[in-house]
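Residues per chain, in single letters:
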Amino acid sequence: DTEHSSASRCGYVAIVGRPNVGKSTLLNHILGQKISITSRKPQTTRNAVVGIKTEGDVQIIFVDTPGMHLGQQKAINRYMNKAATSAMKDVDVVVFVVDRFIWTEEDEAVAEKLQHVGCPIILAVNKVDQIEDKETLLPHLQVLSEKLSVAEIVPMSALRNTNLDRLETLITERLPEGIHMYPEDQITDRSSRFMAAEIVREKITRQLGDELPYEMAVEIEEFKQEGNLLNISALILVERDGQKKILIGDKGARIKLIGTEARVDMEKLFEMKIMLKLWVKVKSGWSDDERALRSLGYNE
Ligand code: GDP
Ligand code: MG
Ligand code: K
């Protein structure tokens, strides 16, 4: 009906949950593009990443929160906890992601924090593709729904794109009416520098798996376009000399591979030829140093 055309909607959605449940995968698949890095290792996402999806009259602004860290006292963990908590305020909808029916004390901690948010919570039961016997789904959903009070429960698979449209519908229904905050072709408000650092960090995490803990940071020192070439220079900070050795690898083989993979992704993202330089530096104590964290962009 032309006279009552649907109103424009726009709102903020926080994706919360303990590490590794699939928050980044969910965000990337909803956006249909890679914004947030994913890996098998927990805690790869340190900063809240905003992904923006605009479709017709609806604009959803996603906040991907860092994982919750229990009982850890380092500055980096305090920062991440704070960021995760503040991301849950001032949003219109919270999507609480869990891994099937696995309920740990970390999930419990997230659930406790959620008791104080004023907005509706949608419980996204992710990775259902991993459940062999689908008959067990319903009774398990029942058990989950008794753990906390949520507006909706959606079984889904971020990886296989199962039920994501249902989740989007449930989110959209709960967004306030209002004009859009961003142009419709904008998918993130992260800077190009930030995205470049994320790509390098992702390649390192993928290369090293268990070998390097998350005591590693990437700082973009140079980001300069010269003609058709984009010069990027990234400094990788590690805590210990042994970590530097692992990262560099035999005759520099590993850092070279990381650089090549990162450059390929950057060329796709920036649609430009990239000259990428990677440096590794040992700076012990950086992850417990408030000032170092601020200089790396972890602003509280
Ligand atoms: P985050 O820490 O919550 O952001 O989790 P990630 O998005 O990084 O995902 C952690 C791991 O779970 C990765 O290996 C993903 O590929 C995997 N994963 C995410 N969603 C699904 C899913 O729906 N099914 C399966 N089988 N794996 C998934
Ligand atoms: Mg993540
Ligand atoms: K992860």
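Residues numbered from 1 in each chain as written. Chains lettered and ligands numbered in written order. Predicted model: local features only at pLDDT ≥ 70, side-chain atom pairs only at ≥ 80, totals over all residues. Heavy atoms only, no water.

Some words on the pairing of strand β6 (residues 152-155)
Of the pairings in the sheet, the one linking strand β5 (residues 121-126) to β6 comprises 4 bridges and is parallel in character. Paired with A124 across the strands is V154, a residue of β6. The handedness of the β5 to β6 crossover, carried by helix α4 (residues 137-147), is right-handed. (Pairing = 2+ DSSP bridges. Helix = DSSP H or I, 4+ residues; strand = E, 2+ residues; numbered from the N terminus. Right-handed = clockwise from strand over helix to strand, strands pointing away.)

Regarding the pattern of salt bridges
Taken as a whole and judged by the stated rule, the model has 15 salt bridges. Among the salt bridges present, the one from D99 reaches K127, with a minimum N-O distance of 3.5 Å. In this pair, D99 sits in strand β4 (residues 93-99) while K127 sits in the loop between β5 and α4, placing the two residues 28 residues apart along the sequence. The exposure class assigned to K127 is partly exposed, which follows from its relative accessible area of 23%. The salt bridge partner of E152 is R174, with a shortest N-O separation of 2.9 Å. With E152 in strand β6 and R174 in the loop between α5 (164-173) and α6 (192-208), this residue pair connects regions lying 22 residues apart in the sequence. Look at R174 and you get partly exposed, because its relative accessible area is 23%. Connected via shared salt-bridge partners are E202, K203, R206 and D265. (Salt bridge = Lys/Arg side-chain N within 4 Å of Asp/Glu carboxyl O. Buried < 20%, exposed > 50% of the residue type's maximum accessible area, 1.4 Å probe, protein only.)

A closer look at the nonpolar core
Core analysis: the biggest nonpolar cluster contains 24 residues, and V200, I204, I232, I236, L247 and M266 have the highest contact counts within it. Residue assignment for this core shows that the elements contributing at least two residues are α6, β7 (216-226), β8 (229-238), α8 (253-270) and β9 (273-282). Counting 23 residues, the second-largest nonpolar core is a separate cluster that includes L27, I30, L31 and A158. (Core = buried A, V, L, I, M, F, W, Y, C linked by side-chain atoms within 4.5 Å.)

Some points on α4
Of the residues making up α4, those classed as buried are L137, L141 and L144. One side of α4 holds all its buried residues, which, seen down the axis, span an arc of 60 degrees. Residues of α4 that are buried in the fold lie against β4, β5 and β6. (Arc of directions from axis to C-beta. Contact = heavy atoms within 4.5 Å.)

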